[in-house]
Amino acid sequence: MFSLFEILGLALIRFFEYVGNLVLLLVEALGFLLRGALRLNLTVQQMAFLGVNSVGIVIMTTTFAGMVMSLQLAHIAVRYGVSNVVGGGVALAMCRELGPMLTAVVVAGRAGAAITAEIGTMKVTEQISALITMAVNPVGYLVVPRFVALLIMMPILTLFSNLAGVVGGAVVAMNSAGVPYEAFFDSITRMVEMDDVFRGLFKAMIFGMEVCLVACYQGLNTPRGAAGVGQATTGSVVVAMIIIFITNYFMSAWLFPVH
């Protein structure tokens, strides 16, 4: 019994230690931003690599998510005579939950893994030590441009996600349940408010921060050797997804309270 509590206690301590290190990394990155120490050219490059190059896979993923939701919702709505709420239901789900969360999961799997692998490789080949020798702070040079890039690009990617999910849902609702496009999009204008969209975009920004911080922290603390890079990359994706799902619940409870 004591061994079980000991294991749980150690796991809890490691978790809070990990979160504390992420907070310290966030504070250090924000310190560079407040001092105006932002390398604009590196930030633009990271926006293209982490954001623009992720548009295709994000749209494909969220389009089918909207299609699946519409497939299930449309038939039930038609059966009970409330087909005029299908579009609004799909759009609310995409704007509030699926759009931001699925986008974050996809970015964590693609961009987060790439960040960890790149920084981790620099760590094991001692390129980061070389930066420190040249009086270049690794956080300001490596973390801050990626942090700003994901902070900007995540809401933009989420907008593409929302649009793709809604369009995919409209096509499925029309072809599988006979819900007219006019009724589908009319229910969106009646049920969805801009506040829902903006709050979803705020969630996306938080998710982008989390993905970047986890990926950069894992990369900066990569163990030596090629195997260490693989372990750090895998850990980055797993930890980022866990944190995304946990924070998504608390942000949903805060941003979209049930009255």
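Calculation criteria
Residues numbered from 1 in each chain as written. Predicted model: local features only at pLDDT ≥ 70, side-chain atom pairs only at ≥ 80, totals over all residues. Heavy atoms only, no water. Helix = DSSP H or I, 4+ residues; strand = E, 2+ residues; numbered from the N terminus. Contact = heavy atoms within 4.5 Å. Patch = residues over 30% accessible without salt bridge, like charges linked within 9 Å, V, L, I, M, F, W, Y side chains within 5 Å. Areas by Shrake-Rupley, 256 points an atom, 1.4 Å probe, with all protein chains shown as cover. Salt bridge = Lys/Arg side-chain N within 4 Å of Asp/Glu carboxyl O. Buried < 20%, exposed > 50% of the residue type's maximum accessible area, 1.4 Å probe, protein only. Phe/Tyr/Trp six-rings, centres within 6.5 Å; stacked < 30°, edge-to-face > 60°. Lys NZ or Arg CZ within 6 Å of the ring centre and 35° of its normal. Expected span 1.5 Å × (residues − 1). Arc of directions from axis to C-beta. Core = buried A, V, L, I, M, F, W, Y, C linked by side-chain atoms within 4.5 Å. Disulfide = S-S within 2.5 Å.

Looking at this model, I keep getting lost on the side chain of Ser 187. Mind explaining?
Topologically, Ser 187 is positioned in helix H7 (residues 181-191). In this structure, Ser 187 is in contact with Asn 84, Val 85, Val 86, Gly 87, Gly 88 and Val 192, ignoring residues within four places of it in sequence.

What exactly am I supposed to notice about a nonpolar patch on the surface here?
A surface patch of nonpolar side chains, about 540 Å² in accessible area, is lined by Leu 12, Phe 15, Phe 16, Val 19, Val 23 and Val 27. By the secondary structure assignment, Val 19 is in helix H1 (residues 2-34). Take Val 19: its relative accessible area is 31%, and that puts it in the partly exposed class.

What's the story with unusual backbone geometry in this structure? I'm lost.
Trans is the common state for peptide bonds, and a negative phi is the common state for residues other than glycine. Phi at Glu 126 is positive, roughly 65 degrees, even though this residue is not glycine. Structurally, the position occupied by Glu 126 is in the loop between helix H4 (86-124) and helix H5 (127-133). Under the relative-accessibility criterion, Glu 126 is labelled partly exposed at 44%.

Honestly, the packing of aromatic side chains in this entry has me stumped. Any pointers?
The geometry of an aromatic ring pair is captured by two quantities: the separation of the ring centres and the angle between the planes. Counted under the stated rule, the structure contains 5 aromatic pairs. Relative to Tyr 217, the ring of Tyr 18 has its centre 5.1 Å away and its plane inclined at 85 degrees; by these criteria the two rings are edge-to-face. Pair noted here: Tyr 18 is in helix H1 and Tyr 217 is in helix H8 (residues 194-220), with a separation of 199 residues, a long-range link. Just as Tyr 18 is buried, Tyr 217 falls in that class too. Ring geometry for Tyr 249 versus Phe 250: centroids 5.3 Å apart, planes at 80 degrees, classification edge-to-face. Each member of the pair, Tyr 249 together with Phe 250, is exposed. Cation over ring: Arg 110 sits above Phe 49, and NZ or CZ is 5.2 Å from the ring centre.

When you look at the environment of Ile 115 in this model, what are you seeing that I'm missing?
Assignment of secondary structure puts Ile 115 in helix H4. Along the primary structure Ile 115 and Leu 8 are separated by 107 residues, whereas in three dimensions their C-alpha atoms are 31 Å apart. Not counting the four nearest positions on each side in its chain, Ile 115 is found in contact with Leu 50, Arg 146, Leu 150, Ala 215 and Cys 216.

Mind showing me how you'd approach helix H2 (residues 40-51) here?
Owing to its 3.6 residues per turn, the α-helix aligns residues three or four sequence positions apart on the same side. Taking 1.5 Å as the rise per residue, H2 with 12 residues should run 16 Å; its terminal C-alpha atoms sit 16 Å apart, in good agreement. Of all the positions in H2, only Leu 42, Thr 43, Gln 46, Leu 50 and Gly 51 are classed as buried. For H2, the angular spread of buried residues about the axis comes to 125 degrees, placing them on one side. Across H2 from its buried face, at more than 90 degrees, point the exposed residues Leu 40 and Asn 41. In this structure, the buried residues of H2 make contact with helix H3 (55-79), H4 and helix H6 (138-177).

Explanation requested: the pattern of salt bridges in the structure shown.
Any two side chains of opposite charge can pair, so long as their charged atoms come close to each other. Inspection of the entire model under this criterion finds 5 salt bridges. Among the ionic pairs, Glu 97 bridges to Lys 203, the shortest N-O distance being 3.2 Å. One end of the pair, Glu 97, is in helix H4; the other, Lys 203, is in helix H8, with 106 residues separating them in the sequence. We classify Glu 97 as partly exposed; its relative accessible area is 24%. Judged by relative accessible area, which is 0%, Lys 203 ranks as buried. In this structure, Arg 199 engages Asp 195 in a salt bridge whose closest nitrogen and oxygen atoms are separated by 2.8 Å. With Arg 199 and Asp 195 both in helix H8 and 4 residues apart, the pair spans about one turn of that helix. Residue Arg 199 is classed as partly exposed on the basis of its relative accessible area of 30%. The partly exposed category is assigned to Asp 195, whose relative accessible area is 34%.

I'm lost on the nonpolar core in this one. Help?
Side chains of a nonpolar character, in soluble globular proteins, are inclined to be buried together. Judged by nonpolar contacts, the single largest core of 45 residues is most densely connected at Leu 25 and Leu 150. Of all the elements in the fold, those that place two or more residues in this core are H1, H4, H5, H6, H8 and helix H9 (226-255). Counting residues per element, this core draws most heavily on H8, which supplies 11 residues. Counting residues in hydrophobic clusters, the runner-up holds 19 residues, among them Met 94, Leu 98, Ala 170 and Val 197.

Explain the state of the cysteines to me, please; I cannot follow it from the model alone.
As used here, a disulfide is simply a covalent bond connecting the sulfur atoms of two cysteines. Scanning all chains against the criterion turns up 0 disulfides. Cys 212 carries a free sulfur, and the closest cysteine sulfur to it, the one in Cys 216, is 3.8 Å from it. Classification of Cys 212 as buried rests on a relative accessible area of 0%. Given a relative accessible area of 0%, Cys 216 falls into the buried group.

The quantities given are spatial measurements derived from coordinates; they are silent on function.
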